[in-house]
Amino acid sequence: MDRYEGFHEFVRARQQSLMRTAYLLTGDTHLAEDLLQTVLTRVASHWAKLAKGGNPEAYARKALVNQNISWRRRRRVELPGAALPEVGQSHDEATVRRLALLHALAQLTPRQRTVIVLRYYEDRTEHETAQLMGTSLGTVKSQTNYALSKLRALTPQEVDR
Amino acid sequence: MNTLREDLHELAAHAPDVDLADLAIRGARRKRVVRLSLAAAVVVAGIAGGSALRFQEVRPVPPVVLSPPETKALPLPDKGVAPVEQAYRPSCRGGCQEAGWRIVTRSGETFQVPARSGPVEASADGRRIAYYSEKDRRIVVRDLASGWIWKAPLKQPKQDFAVEYALRMSPNGLRFIVSGWGGGREPNMLVDVEQGTVEQLESGWWPVSVADGDGPVVLAKPYDNTTKVWVRGHKPVTIPTFTYDFSALGPDGRRLVRVGQVLGHETPKVQYDGTIVTFDALTGGAEARVPVSGIPGDLQPAWLGGWLNADEVTLVAVAQSPRSDISAVAYGVNVRTGQARKLFPIRAKGAYAVPGLVR
């Protein structure tokens, strides 16, 4: 039997969703790809067990979050070409706002950025966020507050609307 | 908040299309092959000469055609070890979870540190290392030459090191700050293993450097576009940028150096600009910015550390692309001229420590 039976199907179904989260977590396409590849390699290594009764997606998402936090210093080195990709319409209000958001996200600490992505992109509860990050509910609450305060200062139109 | 949600979704839509299944499986297979090869090699090594030969006749060890696994490192001897050049965690091949930290001495030997989790740091002169001892549930400081060990008078669960943390040693290694973020406890403690004292530091401040004895402790707190720098005992000063990237406090007790950075105009991100900026940590003034020279173009200054002499600090330059073959190189950089001289390449792409580095 193929040790990786079903892995391709899992990746095909979920990789784009995971990639979007990875991109928001890192803010950089190359790092996001590196991050997701690292995580999927780990998933593949444990595939036999995960496919039997584990939850591969939950495992992958948790690994994504924690691997990214552990890469925190590396990510602070901004890469050439890490700008927001072309969106088709230049400099309209929404584009400028999103550029500002991208900039503001880059100013957050990795954990603050993670709580914003999990709470407001993936719409996870505080409890789920705490579980994914392996931290306490209180820390999620406080990090969310810090992150929103910082975003409010940097891009008031995002948070106050 | 709906705007934030919508804009996050809009940004996420710019994530590139990828197909990583085959790459991931190849990576997993490679890890498995190396793991099995390692296991076979251990079995072979464990069998006495003749038996080993017979074993090989029946079932020869397959040649490892992929990247060779990390070589084994000897356990750290009780004493008589040369100063540390760098510490690193071996890259993730063949069961790296258990590999733990290694140190490389200036005389070129590599030893396994008796620390499986948590930080490993070295004093700026490389003569003492600090690491978390799971057995003692505390940080221990070890003098490599004499083998003398000081145990911190502060017990810590290993969960303190399952999250983000920092361990900042004083130049002689007998005083350190241990901080953590993200766990339930978030310690920020100043520990003196010689005096046996522990002091709670102000929460929310990030450790920059700590001097020996009762010398100055420097903390920093970044805000959106500024950073407060506080030499305890003096008033905090504000510098006009968001940064964590400082050197240790200079031997004169005033000078601090930070890595220069700019806000890109076209790419709205903070980018290192290839300079270092010296300033007076007590007044916030007397800024002097110099471009760093003597570093290859594909590397850029990223972190600073301890002072090597009155005008030179440790600097680590990192590859601009994570795909580069070189991960990082340590230099000594003259803070007046910006001229860098190469010290040694960093061995690991993942976790590593350089004596006295502030990161």
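Scope of this entry: the structure provided in the associated data block. Values in this document were obtained by computation on a predicted structure and should not be read as measured data. (Residues numbered from 1 in each chain as written. Chains lettered and ligands numbered in written order. Predicted model: local features only at pLDDT ≥ 70, side-chain atom pairs only at ≥ 80, totals over all residues. Heavy atoms only, no water.)

Some thoughts on the overall build of chain B
Turning to step 1, where the next piece is worked out: From N to C terminus, chain B includes 3 helices and 24 strands.
Turning to step 2, where the next piece is worked out: For chain B, the proportion of its 359 residues judged to be buried stands at 52%.
Turning to step 3, where the next piece is worked out: Of the contacts made within chain B by residues no fewer than 6 positions apart, 44% connect residues no fewer than 24 positions apart.
Turning to step 4, where the next piece is worked out: Carbon and sulfur atoms provide 52% of the accessible area of chain B, an area that totals close to 16500 Å². (Helix = DSSP H or I, 4+ residues; strand = E, 2+ residues; numbered from the N terminus. Buried < 20%, exposed > 50% of the residue type's maximum accessible area, 1.4 Å probe, protein only. Contact = heavy atoms within 4.5 Å. Areas by Shrake-Rupley, 256 points an atom, 1.4 Å probe, with all protein chains shown as cover.)

Describing helix α1 (residues 7–26) of chain A
Residues and elements named next belong to chain A.
Turning to step 1, where the next piece is worked out: Helix length check: α1 (20 residues) gives 25 Å between terminal C-alpha atoms against 28 Å at 1.5 Å per residue, more than 12% under.
Turning to step 2, where the next piece is worked out: If you look at α1, its biggest bend is around 50 degrees, right at Arg14.
Turning to step 3, where the next piece is worked out: Regarding α1, the residues found buried are Phe7, Phe10, Val11, Gln15, Leu18, Met19, Thr21, Ala22, Tyr23, Leu24, Leu25 and Thr26.
Turning to step 4, where the next piece is worked out: Downstream of α1 by a residue or two, Gly27 has a phi angle that is positive, lying close to 75 degrees. (Expected span 1.5 Å × (residues − 1). Bend = angle between axes of the 7 residues up to and from the residue.)

Details of the sheet that holds strand β23 (residues 340–345) of chain B
Residues and elements named next belong to chain B.
Turning to step 1, where the next piece is worked out: Pairing in this open sheet of 4 strands is antiparallel, and the strands run β20-β21-β22-β23 from one edge to the other. The sheet is open, and its two borders are formed by β20 (299–309) and β23, each paired with just one other strand. Sheet twist, expressed as the mean angle between neighbouring strand axes with direction ignored, is 30 degrees.
Turning to step 2, where the next piece is worked out: Across 5 bridges, the pairing between strand β22 (residues 328–334) and β23 is antiparallel. Residue pairing in the sheet places Gly332 in a bridge with Arg341 of β23. (Pairing = 2+ DSSP bridges. Axes fitted to C-alpha atoms, helices over the stretch in contact; angles between N-to-C directions.)

A look at helix α7 (residues 110–121) of chain A
All names here are of chain A.
Turning to step 1, where the next piece is worked out: The terminal C-alpha atoms of α7, which comprises 12 residues, lie 15 Å apart, in line with the 16 Å expected from a rise of 1.5 Å per residue.
Turning to step 2, where the next piece is worked out: Of all 12 residues in α7, 12 are buried, a share of seventy percent or more.
Turning to step 3, where the next piece is worked out: What α7 keeps buried is the set Pro110, Arg111, Gln112, Arg113, Thr114, Val115, Ile116, Val117, Leu118, Arg119, Tyr120 and Tyr121.
Turning to step 4, where the next piece is worked out: Where α7 ends, the next residue or the one after it, Asp123, has phi of about 55 degrees, a positive value.

Considering the nonpolar core
Turning to step 1, where the next piece is worked out: Formed by 54 residues in total, the largest nonpolar core has its most connected members in Phe7(A), Leu40(A), Ile116(A), Leu151(A) and Leu8(B).
Turning to step 2, where the next piece is worked out: Here this core gets 9 residues from one element, more than from any other, and that element is α1(A).
Turning to step 3, where the next piece is worked out: Dropping the residues within four chain positions of it, Leu151(A) is found in contact with Leu101(A), Ala104(A), Leu105(A), Leu108(A), Ile116(A), Pro156(A), Val159(A) and Leu4(B).
Turning to step 4, where the next piece is worked out: Formed by 34 residues, the second largest nonpolar core is a distinct cluster that contains Leu315(B), Val316(B), Val329(B) and Phe344(B). (Core = buried A, V, L, I, M, F, W, Y, C linked by side-chain atoms within 4.5 Å.)

A short note on the pattern of salt bridges
Opposite charge on two side chains lets them pair, provided their charged atoms get close.
Turning to step 1, where the next piece is worked out: Scanning the entire structure with this criterion turns up 22 salt bridges over all chains.
Turning to step 2, where the next piece is worked out: In this structure, Asp143(B) and Arg128(B) form a salt bridge, with 2.9 Å as the shortest nitrogen-oxygen distance. Pair noted here: Asp143(B) is in strand β7 (residues 138–143) and Arg128(B) is in strand β6 (residues 128–133), with a separation of 15 residues, a long-range link.
Turning to step 3, where the next piece is worked out: Close ionic contact of Glu287(B) with Arg258(B) constitutes a salt bridge, the shortest N to O distance being 2.6 Å. Here the residue Glu287(B) occupies a position in the loop between β18 (270–280) and β19 (288–291), and Arg258(B) occupies one in strand β17 (residues 255–263), the gap between them amounting to 29 residues.
Turning to step 4, where the next piece is worked out: Among the charged side chains, a salt-bridge network with shared partners connects Arg14(A), Glu57(A), Arg61(A), Glu122(A) and Arg124(A). (Salt bridge = Lys/Arg side-chain N within 4 Å of Asp/Glu carboxyl O.)

What to know about unusual backbone geometry
Turning to step 1, where the next piece is worked out: Residue Asp123(A) is not a glycine yet carries a positive backbone phi of 55 degrees.
Turning to step 2, where the next piece is worked out: The residue Asp123(A) is located in the loop between α7 and α8 (126–133) in this model.
Turning to step 3, where the next piece is worked out: Look at Asp123(A) and you get partly exposed, because its relative accessible area is 48%.
Turning to step 4, where the next piece is worked out: One non-glycine residue with positive phi stands out, namely Arg137(B), at about 55 degrees.
Turning to step 5, where the next piece is worked out: Structurally, Arg137(B) is set in the loop between β6 and β7.

Here's the deal with the sheet that holds strand β5 (residues 120–122) of chain B
All names here are of chain B.
Turning to step 1, where the next piece is worked out: Ordered in space as β5-β6-β7-β8, the 4 strands form an open sheet in which the pairing is antiparallel. Either end of the sheet is taken by a strand with one partner, and the two such strands are β5 and β8 (149–151). Strand-to-strand twist in this sheet, taken as the mean axis angle between neighbours without regard to direction, amounts to 20 degrees.
Turning to step 2, where the next piece is worked out: In the sheet, β7 pairs with β8 via 3 bridges, with the strands oriented antiparallel. Bridge pairing in β8 places Val141 opposite Trp150.

Things to note about the environment of Val81(B)
Residues and elements named next belong to chain B.
Turning to step 1, where the next piece is worked out: The residue Val81 is located in the loop between β1 (74–75) and β2 (84–88) in this model.
Turning to step 2, where the next piece is worked out: Among the residues examined, Val81 registers a relative accessible area of 6% and is labelled buried.
Turning to step 3, where the next piece is worked out: In sequence terms Val81 and Thr105 are 24 residues apart; their C-alpha atoms lie 7.7 Å from each other.
Turning to step 4, where the next piece is worked out: For Val81, the contacting residues outside a window of four places in its chain are Leu76, Thr105, Phe111, Leu144 and Ala145.

So, the pairing of β22(B)
Turning to step 1, where the next piece is worked out: β22(B) sits mainly inside the fold: 6 of its 7 residues count as buried.
Turning to step 2, where the next piece is worked out: In this antiparallel pair of consecutive strands, β22(B) and β23(B), the connection spans 5 residues, and Gly338(B) shows a positive phi of 85 degrees.

What to know about the packing of α1(A) against helix α1 (residues 2–12) of chain B
The description of two packed helices rests on the angle between their axes and on the distance between the axes.
Turning to step 1, where the next piece is worked out: Interhelical geometry of α1(A) versus α1(B) gives an angle of 110 degrees and a closest axis separation of 9 Å. With respect to their mutual orientation, α1(A) and α1(B) come out roughly perpendicular. Each of Arg20(A), Tyr23(A) and Leu24(A) in α1(A) lies in contact with α1(B), whose residues at this interface are Leu8(B), Leu11(B) and Ala12(B). (Parallel < 35°, antiparallel > 145°, perpendicular 65-115°, else oblique.)

Focus: the packing of α7(A) against α8(A)
All names here are of chain A.
Turning to step 1, where the next piece is worked out: Viewed as axis vectors pointing N to C, α7 and α8 meet at an angle of 135 degrees, and their least axial separation amounts to 10 Å. In terms of orientation, α7 lies oblique with respect to α8. Both α7 and α8 take part in a crossing whose hand is right-handed. Across from Arg111, Thr114, Val115, Leu118 and Arg119 in α7, the residues of α8 making contact are Glu126, Thr129, Leu132 and Met133.
Turning to step 2, where the next piece is worked out: Of the residues assigned to the contact of α7 with α8, the class counts are 4 nonpolar, 2 polar and 3 charged. (Left-handed = near helix turned anticlockwise from the far one by under 90°. Nonpolar A, V, L, I, M, F, W, Y, C, P; charged D, E, K, R; others polar.)

Concerning the pairing of strand β21 (residues 312–319) of chain B
Residue and element names in this part refer to chain B.
Turning to step 1, where the next piece is worked out: Within β21, 8 of the 8 residues are buried, leaving the element largely enclosed by the surrounding structure.
Turning to step 2, where the next piece is worked out: Both β20 and β21 contribute to a ladder of 7 bridges, which runs antiparallel. Among the inter-strand pairings, Trp307 is bridged to a residue of β21, identified as Val313.
Turning to step 3, where the next piece is worked out: Hairpin connection, β20 to β21: the antiparallel pair is bridged by 2 residues.
Turning to step 4, where the next piece is worked out: Inspection of the sheet shows β21 paired to β22 by 7 bridges, in the antiparallel sense.

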